[in-house]
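One-letter residues, chain by chain:
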Amino acid sequence: MAIDLKTPHGVPNEAEGSGNGKYTKLFENLQGNILKGFARKYMRLLFLNFEGEEQEVKQWIKGLKLTSTMDQLYASKYRKLSIKKGVKPHDGGLVMNFFLSAKGYEELGFDPKKLGRKQGNKIFQEGMNSKRSLKWLGDSPTKFEKGYKEEIHALLLLADDDEQELIKKTEGIKSFLEGNGIAMVFVEEKGAALDNQKEHFGYKDGISNPRFISQDIEKEIVERTGADQWNPILPLKKILIKDPFTDRNDDNYGSFLVYRKLEQDVEGFDNKIAELAKELVLTKAQKMKGVTAEEYAGALAVGRFKDGTPLALSDTYENKMPNGDVPSPNNFTYENTDRKGRKCPFHAHIRKTNPRGQGLIPKRFITRRAIPYGKPNDSNKKGLLFMCFQSNLRAQFVFLQKAWANNPAFPRPKTGIDPVIGAGKKVEQQWPKTYNSKDKVDFYFGDFVTMRGGEYFFAPSIGFLNKI
Ligand code: HEM
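Residues numbered from 1 in each chain as written. Predicted model: local features only at pLDDT ≥ 70, side-chain atom pairs only at ≥ 80, totals over all residues. Heavy atoms only, no water.

Below, the discussion takes up the overall build of the chain. For the chain, the count of helices and strands is 15 helices and 12 strands. Compactness check: the chain gives a C-alpha radius of gyration of 22 Å against a globular reference of 23 Å for 468 residues, within 12% of the reference. Counting only C-alpha atoms, the chain reaches 65 × 55 × 40 Å along its principal axes. Averaging the locations of the 76 positively and 60 negatively charged side chains of the chain gives two centres separated by 6 Å. (Helix = DSSP H or I, 4+ residues; strand = E, 2+ residues; numbered from the N terminus. Rg over C-alpha atoms; globule rule 2.2 N^0.38 Å. Lys, Arg positive; Asp, Glu negative; His and termini not counted. Charge placed at Lys NZ, Arg CZ, Asp CG, Glu CD.)

Structure representation (structure tokens):
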């Protein structure tokens, strides 16, 4: 049955029996974590360089127990059922994804041009270390870690709530691959979620994301105060493309994955926030609530307070629960709340990467599945293993980074770059001195996130990988 990719709609959760089976094949053949996040506490990313004979490598890939979207939906169904019955909820267990780079496809005898034929995905063939990509994204290869200068063929993602299980499984795979000469694991990244969905600068992350499964959309509407202003439903064609290496009539879909290791200089960020704070004047409400100038300055850089409250909606944070574990509002546009950028400045990270002003279907929207690495409160390196899915690399991720975040003239001249992820001309941004006032402070803020290496991948359909 033909899948409707074009109309934005909630896809029924076939594991709950809410569909008529129309999406079952798609869910069985689509890797998990794409339409819905895995949300596991711990993650390992193994970057591989194939070394074995083509057939041996293929044999290994065929044997991988990858987690399909259907597996993921069943796991969350059983988890909910056990919570309802009052028994200890199953943590869902280990989940696994497998991705191939253009070089990886070539190594296995497939022509990556088939995937990158369309203009928007040609960049996939060239890779993230290509001259064009480096220029577009504003990356400096001299800052890349050694491993990321190597040729990456594939990425194996493993995640679990039980870290010991995850380590056991990862070590098993590594010694099998290296012991049998199938692939060299030349980089291993260790992701670990921080408390309350925070990233290392201390802000709640993973709030605004497209939703695809009906239940997730309903939950979003209840938790995030509706969807009449900002609608999180994206058509499937913004995230899925037909797997070109399978029969055209099968429901075999995949998605492009952008991976970037982004190191965060937390101390530098905090010091600069403190400097900016000195220039700002708090409102009465902020003073009464105890909001500090640093908290206000940080919110101006990100666009949300640390608990996720958007500046476009409030000059103070919610602070309903001490752990900040409140559903954060997401039902707003700047058009309706702050056309002049006096509440949430035009350069704020969330306003740069989603200006929320282009109608209900955001053309450029990406589906983020990042996880932090490194521990808070120590001097070791830390940051974000940034990952996002989309169907068109150039129109989505690359556009966000290049034409918006790195562009000091977006959305208007003299805006400055995105203070969190922008890499571009160091033009001073203009910061509202006081919430919702015309007075501006000129201040340059940036360079606290450094790109340490990455690649473009494709998440092949399970239908393809089973027959590879
Ligand atoms: C939202 C932090 C990298 C795109 C957010 C939020 C935070 C955040 C705190 C608000 C919570 C939310 O809405 O989910 C960071 C940090 C980064 C980083 C610390 C790097 C270390 C990136 C990159 C991109 C990106 C590389 C893409 C080029 C977005 C988008 C949103 C967002 C699209 C949602 C905006 C909205 O819909 O309102 N980020 N981010 N972020 N970020 Fe980032």
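From this point, the discussion proceeds with the structure in view.
So, about the site of the ligand. Every one of the 27 residues lining the ligand counts as a neighbour, but Ile207, Ser208, His349, Arg356 and Arg368 are closest to it. Within the backbone of Gly206, a nitrogen or oxygen atom sits 3.0 Å from an oxygen atom of the ligand. The separation between an oxygen atom of the ligand and a polar side-chain atom of Arg356 is 2.7 Å. At the level of secondary structure, the elements contributing two or more residues to the shell around the ligand comprise strand 6 (253-264), helix 13 (349-353), strand 9 (383-390) and helix 14 (394-405). Sort the elements by how many residues they give to the shell around the ligand and helix 13 lands first, with 3 residues. (Near = heavy atom within 4 Å. Polar contact = N/O pair within 3.5 Å; in protein donor to acceptor, adjacent residues only side chain to side chain.)

Protein coordination of the iron atom of the ligand is limited to a single donor, His349 (NE2), positioned at 2.1 Å. The topology assignment puts His349 in helix 13. (Donors = N, O, S within 2.8 Å, 3.2 Å for Na, K, Ca; no water.)

Here we take up helix 8 (residues 214-223). Taken as a whole, helix 8 has its buried residues at Asp216, Ile217 and Glu220. Buried positions in helix 8, seen along its axis, are confined to an arc of 100° and lie on one side of it. In helix 8, the exposed positions that point more than 90 degrees away from the buried face belong to Glu218, Lys219 and Val222. Of the residues one or two after helix 8, Thr225 is the one with positive phi, at around 60°. (Buried < 20%, exposed > 50% of the residue type's maximum accessible area, 1.4 Å probe, protein only. Arc of directions from axis to C-beta.)

Time to look at a negative patch on the surface. A cluster of acidic side chains, namely Glu106, Glu107, Asp111 and Glu151, defines a negative patch on the protein surface. Inspection of the secondary structure assignment puts Glu106 in helix 4 (residues 102-107). (Patch = residues over 30% accessible without salt bridge, like charges linked within 9 Å, V, L, I, M, F, W, Y side chains within 5 Å. Areas by Shrake-Rupley, 256 points an atom, 1.4 Å probe, with all protein chains shown as cover. Salt bridge = Lys/Arg side-chain N within 4 Å of Asp/Glu carboxyl O.)

Here we take up the pairing of strand 1 (residues 42-50). Burial analysis of strand 1 places 8 of its 9 residues in the buried class, which makes it a mostly covered element. Pairing of strand 1 with strand 4 (residues 183-192), which is carried by 9 bridges, proceeds in the antiparallel orientation. Note that in strand 4 the partner of Asn49 across the bridge is Met184. (Pairing = 2+ DSSP bridges.)

To continue, consider helix 9 (residues 266-277). For helix 9, built from 12 residues, the straight-helix expectation of 16 Å at 1.5 Å per residue is met to within 8% by its first-to-last C-alpha distance of 16 Å. Within helix 9 the residues assigned to the buried category are Val266, Gly268, Phe269, Ile273, Leu276 and Ala277. Tucked into the core, helix 9 has its buried residues touching strand 6, helix 11 (293-302), strand 10 (429-432) and strand 11 (440-443). Measuring from the side-chain oxygen of the N-cap residue of helix 9 to the backbone nitrogen of Glu267 gives 3.5 Å; that N-cap residue is Asp265. (Expected span 1.5 Å × (residues − 1). Contact = heavy atoms within 4.5 Å.)

A cluster of nonpolar side chains, Tyr74, Tyr78 and Leu81, forms an exposed patch at the surface whose accessible area comes to about 280 Å². Structurally, Tyr74 is set in helix 3 (residues 69-85).

Under the counting rule described, the total for this entry stands at 21 salt bridges. Here Lys168 makes a salt bridge to Glu165, at a shortest N to O gap of 3.6 Å. Separated by 3 residues within a single helix, Lys168 and Glu165 lie in helix 7 (residues 163-179), roughly one turn from each other. For Lys168, a relative accessible area of 59% gives the class exposed.

Turning our eyes to something else, we now look at the packing of helix 9 against helix 11. The geometry of helix 9 relative to helix 11 is characterised by a closest axis approach of 8 Å and an angle of 110° between their N-to-C directions. Our classification of the angle between helix 9 and helix 11 gives roughly perpendicular. For the pair formed by helix 9 and helix 11, the contact residues are Ile273, Ala274, Leu276 and Ala277 on the first element and Ala293, Glu294, Ala297, Gly298 and Ala301 on the second. Counted by class, the contact of helix 9 with helix 11 contains 7 nonpolar, 1 polar and 1 charged residues. (Axes fitted to C-alpha atoms, helices over the stretch in contact; angles between N-to-C directions. Parallel < 35°, antiparallel > 145°, perpendicular 65-115°, else oblique. Nonpolar A, V, L, I, M, F, W, Y, C, P; charged D, E, K, R; others polar.)

The next thing to look at is the confidence of the model for the chain. Low-confidence regions, as indicated by low pLDDT, have predicted coordinates that should not be scrutinised in detail. Per-residue confidence for the chain gives a mean pLDDT of 93, with 96% of residues at or over 70. As scored by the predictor, the complex reaches a pTM of 0.97 and an ipTM of 1.00. (pLDDT = per-residue confidence, 0-100.)

Looking now at the environment of Phe448. In this fold, Phe448 is placed in the loop between strand 11 and strand 12 (449-459). Phe448 sits in the buried class, given a relative accessible area of 11%. Considering only alpha carbons, one finds Phe448 and Ala285, 163 residues apart in sequence, at a separation of 30 Å. Once you skip the residues sitting within four places of it in the chain, Phe448 turns out to touch Phe201, Glu263, Gln264, Asp265, Gly268, Phe269 and Lys272.

On to the side chain of Gln286, then. Secondary-structure assignment places Gln286 in helix 10 (residues 284-289). Given the relative accessible area of 0%, Gln286 is considered buried.

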